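# Secondary and tertiary structure notes
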Amino acid sequence: YGVYGGGRLAIDMLISRIFYPKALLIRRPFYIRIEGNLKLGRGFLSGPGLVMDCIGDESTIQIGANVLVNSHVHIASSQFVSIGDRVLMASGVYISDHGHGSYSGDEHTSPLIPPNERPLSAKPVIIGDDCWLGEKVAVLPGVTIGKGCIVGAGSVVTTSLPDYVIAVGIPARILKRFDFDTNKWVSVGR
């Protein structure tokens, strides 16, 4: 780290201990807006550029133990986002439980309303234990990612994933699942 890097790290550790005592380290710069509830598990570690938004009194971001997020990760909740234990996120990951307006089902928001004036629509996001989200993955509202999943770089997760699968693409599609009988990842037929 050198003298400058070591000093910066020491300051980051001090700030983390004072404001987020369960966290191992939250590197600066970071932006954490909490209007609702933030529940950080023990051992949380982030790279620089972390953004966490709990928008509204009823919002919750719940993060399990020993979660590692790299630089420029953005987690936003207007309702509920849950991240399990031992989750690893590469840089640039985006997770949100909400969007501006409704575009399917019975309710449709007019495109004549400016986006920032459209009502928020939200559905919970749940990420299971031991998941690995690759570089620049986006997880959208209403998605549950099961335990032990791997989501490949650049993927956009628009639908839920079962436990122990590898998914990639836009939208993310399952390529492999873990077979506990053979102890191997096996391709999923298309």
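Residues numbered from 1 in each chain as written. Predicted model: local features only at pLDDT ≥ 70, side-chain atom pairs only at ≥ 80, totals over all residues. Heavy atoms only, no water.

### A few points about the sheet that holds strand β5 (residues 50-54)
With parallel pairing, the six strands of this open sheet are ordered in space as β2-β5-β8-β11-β18-β21. Because the sheet does not close on itself, it has two edges, and the strands there are β2 (30-34) and β21 (156-157). (Pairing = 2+ DSSP bridges. Helix = DSSP H or I, 4+ residues; strand = E, 2+ residues; numbered from the N terminus.)

### Here's the deal with the side chain of S91
One can find S91 in the loop between β10 (88-89) and β11 (94-96). On the basis of relative accessible area, S91 is assigned to the buried category, the value being 17%. A polar contact of 2.9 Å, which involves the side chain of S91, links it to the side chain of S71. Among residues more than four places away in sequence, those in contact with S91 are N70, S71, E135 and K136. (Buried < 20%, exposed > 50% of the residue type's maximum accessible area, 1.4 Å probe, protein only. Polar contact = N/O pair within 3.5 Å; in protein donor to acceptor, adjacent residues only side chain to side chain. Contact = heavy atoms within 4.5 Å.)

### Structural notes on unusual backbone geometry
In most cases, non-glycine residues show a negative phi, while peptide bonds are predominantly trans. Cis geometry is adopted by the peptide bond preceding P29, which originates at R28 and carries an omega value of -5 degrees. Mapped onto the elements of the fold, P29 is located in the loop between β1 (25-26) and β2. Cis geometry marks the peptide bond from I170 to P171; its omega dihedral reads -5 degrees. Mapped onto the elements, P171 comes out in the loop between β22 (165-168) and β23 (173-179). We note that D130 has phi near 60 degrees; this positive angle belongs to a residue other than glycine. Residue position: D130 is located in the loop between β16 (125-127) and β17 (132-133). Classification of D130 by relative accessible area gives partly exposed; the value is 39%.

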